[in-house]
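Coordinate inspection notes
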Amino acid sequence: MHDTKQNRWRARNPWFNHWQKARIRCQNPKHTFYHRYGGRGIEFHLTLNEARYLWERDGAWQLKQPSLDRVNPAGHYNLCNCQFIELRANKLKMLHGKVNQ
């Protein structure tokens, strides 16, 4: 895909980057944070269409810095366990010990 066309597609589909980054953290052992995700057994089962659904359901376009969150931090990335929340709220969950790393 041509860079400009790809950039336009990504601009119209903002959930893609969140979906892609989460998938890579779970599936690529060379990723910096793999040890916190795939290395802990967290699996990625969220389809791109499900990520779009979550984006729309959670009104993520209205968030200042949307972040793809797992409701149960020990659970996998799947439709029933994911939501979009503010990045700040997601980081606070980790700081308050709700994520075992």
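Structure report, in brief. Every chain is numbered independently, its residues counted from 1 as its sequence is written. The predicted origin of the model limits local features to residues at a pLDDT of at least 70 and limits the giving and counting of side-chain atom pairs to 80 or more, whereas totals for whole chains, interfaces and linings rest on all residues. Calculated side-chain values reflect all of the structure's heavy atoms, with hydrogen atoms and water omitted.

Moving on, we come to the state of the cysteines. Disulfide: a pair of cysteine sulfur atoms within 2.5 Å of each other. Summed over all chains, the structure comprises zero disulfides. With no disulfide of its own, Cys 80 lies 9.4 Å from the sulfur of Cys 82, the closest cysteine sulfur. Residue classification places Cys 80 among the exposed positions, given a relative accessible area of 79%. Cysteine Cys 82 shares no disulfide, and the gap to the nearest cysteine sulfur, in Cys 26, comes to 9.0 Å. When accessible area is computed with a 1.4 Å probe and restricted to protein chains, residues below 20% of their type maximum are described as buried, those above 50% as exposed, and intermediate ones as partly exposed.

Helix and strand labels come from DSSP, where a helix needs a run of H or I of at least four residues and a strand needs a run of E of at least two; each type is numbered from the N terminus. Mapped onto the fold, Val 71 is located in the loop between β1 (66-70) and β2 (82-86). Remark: the alpha-carbon pair of Val 71 and Asn 90, spanning 19 residues in sequence, is separated by 9.9 Å. Throughout, a residue-residue contact means that at least one pair of heavy atoms, one from each residue, lies within 4.5 Å. Residues contacting Val 71, with those up to four places away along its chain left out, are Asn 81, Cys 82, Gln 83 and Lys 93.

As a further point, take the environment of Gly 39. Within the secondary structure layout, Gly 39 lies in the loop between α2 (15-27) and α3 (48-57). Judged by its relative accessible area of 49%, Gly 39 is partly exposed. Along the sequence, Gly 39 and Pro 29 sit ten residues apart, while their C-alpha atoms lie 7.4 Å from each other.

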